[in-house]
Amino acid sequence: MPRAISIVPAGQQEAVRRVAMPFAPGPSLLTSLPPLSVYVHVPWCVRKCPYCDFNSHAAPETLPEERYLEALAADLDQSLPQVWGRKVVSVFIGGGTPSLLSAATLDAMLAMLRARLPLLPDAEITMEANPGTVEAGRFAAYAASGVNRISLGIQSFDDRSLKALGRIHDGRAARQAIEIAQRHVDRVNLDLMFALPGQTPDGCLDDVATALAFGTEHLSLYHLTLEPNTVFAKYPPPLPDDDDAFEMQDRIEARLAQAGYEHYEISAYAKPGARCRHNLNYWEFGDYLGIGPGAHGKLSFHDRILREARVRNPQSWMDALLDSVADTGWLAESRQVGAEELPFEFMLNALRLADGVPAAFFPERTGLNLAAIARPLAKAVEKGLLDEDPTRIRATELGRRFLNDLQELFL
Ligand SMILES: C[S@@+](CC[C@H](N)C(=O)[O-])C[C@H]1O[C@@H](n2cnc3c(N)ncnc32)[C@H](O)[C@@H]1O
Ligand code: SF4
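For the protein chain, an unreviewed UniProt entry supplies the name Heme chaperone HemW and the organism Pigmentiphaga humi. What UniProt records for the protein chain under Sequence similarities (unreviewed entry) is the sentence "Belongs to the anaerobic coproporphyrinogen-III oxidase family. HemW subfamily." Within the UniProt record for the protein chain, the comment given under Subcellular location (unreviewed entry) is "Cytoplasm".

> Explain the overall build of the protein chain to me, please; I cannot follow it from the model alone.
Each helix and strand counted, the protein chain has 15 helices and 16 strands in total. At 21 Å, the protein chain has a C-alpha radius of gyration in line with the 22 Å of a compact globule built from 411 residues. Overall, the protein chain is about 60 × 55 × 45 Å in size when its C-alpha atoms are taken along their principal axes. Among the 411 residues that make up the protein chain, the fraction classed as buried is 43%. Put simply, 74% of the contacts in the protein chain that link residues at least 6 apart link residues at least 24 apart.

> Help me out: how do you make sense of the UniProt feature "domain: Radical SAM core" (unreviewed entry) in the protein chain in this one?
In this structure's numbering, the residues bearing the UniProt feature "domain: Radical SAM core" (unreviewed entry) are residues 30-262. Between the end C-alpha atoms of residues 30-262 there is a gap of 32 Å, over a span that is 42% helix and 22% strand.

> Even after reading the chapter, I still don't get the packing of helix 1 (residues 65-83) against helix 10 (residues 314-322), so can you show me in this structure?
Packed helix pairs are characterised by how far apart their axes lie and by the angle those axes make with each other. Axis separation between helix 1 and helix 10 bottoms out at 9 Å; the angle between their running directions is 60°. Here helix 1 lies oblique to helix 10, going by the angle between them. Along this stretch, helix 1 crosses helix 10, giving a crossing that reads as left-handed. Of helix 10, the residues touching helix 1 (which contributes Arg67, Tyr68, Glu70, Ala71, Ala74 and Asp75) are Trp317, Met318, Leu321 and Leu322. Its residues placed into classes, the contact of helix 1 with helix 10 shows seven nonpolar, no polar and three charged.

> Looking at this structure, how should I read the domain arrangement of the protein chain?
Many structure descriptions define interface size as the accessible area lost when the parts assemble. Its domain assignment divides the protein chain into domain 1 (36-283) and domain 2 (339-411). When each unit is reduced to the centre of its C-alpha atoms, the spacing between domain 1 and domain 2 is 28 Å. In this assembly, six residues from domain 1 lie in contact with six residues from domain 2. If you list the elements that add at least two residues to the side of domain 1 that touches domain 2, you get strand 9 (262-265) and helix 9 (277-283). Considering each element in turn, the side of domain 1 that touches domain 2 owes the most residues, three residues, to strand 9. For the side of domain 1 that touches domain 2, the residue count by class is four nonpolar, one polar and one charged.

> Would you take a moment to explain the pairing of strand 8 (residues 218-223) for this structure?
Sheet topology places strand 7 (residues 187-194) next to strand 8; six bridges connect them, and they run parallel. When the sheet's bridge partners are listed, Asp191 is paired in strand 8 with Ser220. Remark: the strand 7/helix 6 (residues 201-213)/strand 8 crossover connection has right-handed handedness. With three bridges connecting them, strand 8 and strand 10 (residues 268-270) associate as antiparallel partners. If you follow His218 over to strand 10, its bridge partner there is Ala270.

What counts and how
- Residues numbered from 1 in each chain as written.
- Chains lettered and ligands numbered in written order.
- Predicted model: local features only at pLDDT ≥ 70, side-chain atom pairs only at ≥ 80, totals over all residues.
- UniProt positions renumbered as here; feature names shortened; annotations may be inferred.
- Helix = DSSP H or I, 4+ residues; strand = E, 2+ residues; numbered from the N terminus.
- Rg over C-alpha atoms; globule rule 2.2 N^0.38 Å.
- Buried ≥ 20, exposed ≤ 12 C-beta atoms within 10 Å, placed from the backbone.
- Contact = placed C-beta atoms within 7 Å.
- Axes fitted to C-alpha atoms, helices over the stretch in contact; angles between N-to-C directions.
- Parallel < 35°, antiparallel > 145°, perpendicular 65-115°, else oblique.
- Left-handed = near helix turned anticlockwise from the far one by under 90°.
- Nonpolar A, V, L, I, M, F, W, Y, C, P; charged D, E, K, R; others polar.
- Domains from an automatic or database assignment.
- Pairing = 2+ DSSP bridges.
- Right-handed = clockwise from strand over helix to strand, strands pointing away.

Here it is in structure tokens:
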């Protein structure tokens, strides 16, 4: 799952938690429903990277692809009544390393989704891939099955950096993977990380220049963070100091702007018209159904908004869906979002976007009146953190620099 998704229920729970409902069911809260996306989580990787806190696990010798697919179908079947009749604007197959799946499994997965959900004819279908697992034949097949966007976890082109990150590929494999991806789909994103162990600002800009030479429509630039419960958190590598990291961020922004990329979200840069529709839907407080181990979902109904999370362990998730007699063992969490939580959740996402969102999205997608946030809105404008434009909710440059302070006003 891309790092930019900012709402995940705190602390995965292995038992279903149903939380008190602050909205009394009854009169309509939402008069229309937002666009619906689907996220599919593939939980396996060749091996676990030392910085990574995603729900990813070293793959067993043989992937249980058939059982995984069967469980995915069962997972989706359980959720179908919740999204019945709604069209799907995007699908994101993330991980983990989805490119570990065979072409036949990926094809069957997309057929299974299409058989159950009305995908729009122009739906964006993204698949994440690790360059160490990219093979030309399989990529041709993925594209033939309907994948129309590939997101490659490049991280760096520098062999020393890649080694320090514990990656399974070198710079040459990264370049080859991009060429293969570009041969098969028009839409390619490259994930790069910066502020890497031992990296200098010049080294960081070399990575950016190499990425730019491929001319992909989208680039994601993530500041390496030391996440709790990772190997890097326990044994921190020597990282660039704050001054160097700031310099990297500034120079990345300037270089990508010069190359014609729009910096439309904290970590996301796109050529005009090439923004990631799936991620935009998260940030614009759209709906998403998340299936697969550890996947998160947000679903709106006329009278409530629901957040869900699947159990994280792949084996437990498959067993619960395929073998268990219990009804909801595959669900770690399913809870109605309280009215008091909605302003913060909405802002946490919307304020990440350089253009913000239309102010009308707030009542449309939370069911709350704009008056509910009139006070923090006014305070943020007064502090110079939010634009004065009443038709948009948009952070100023200062607001984006002090994003946490701005978001906290809506807590
Ligand atoms: C789920 S990974 C998907 C790609 C694939 N698994 C891979 O690594 O090649 C999504 C992206 O998150 C970024 N990422 C993961 N852990 C990170 C961390 N600790 N700090 C910053 N970015 C991170 C990486 O750029 C990675 O490509
Ligand atoms: S390959 Fe990607 S998802 Fe897997 S452990 Fe490494 S960063 Fe995490």
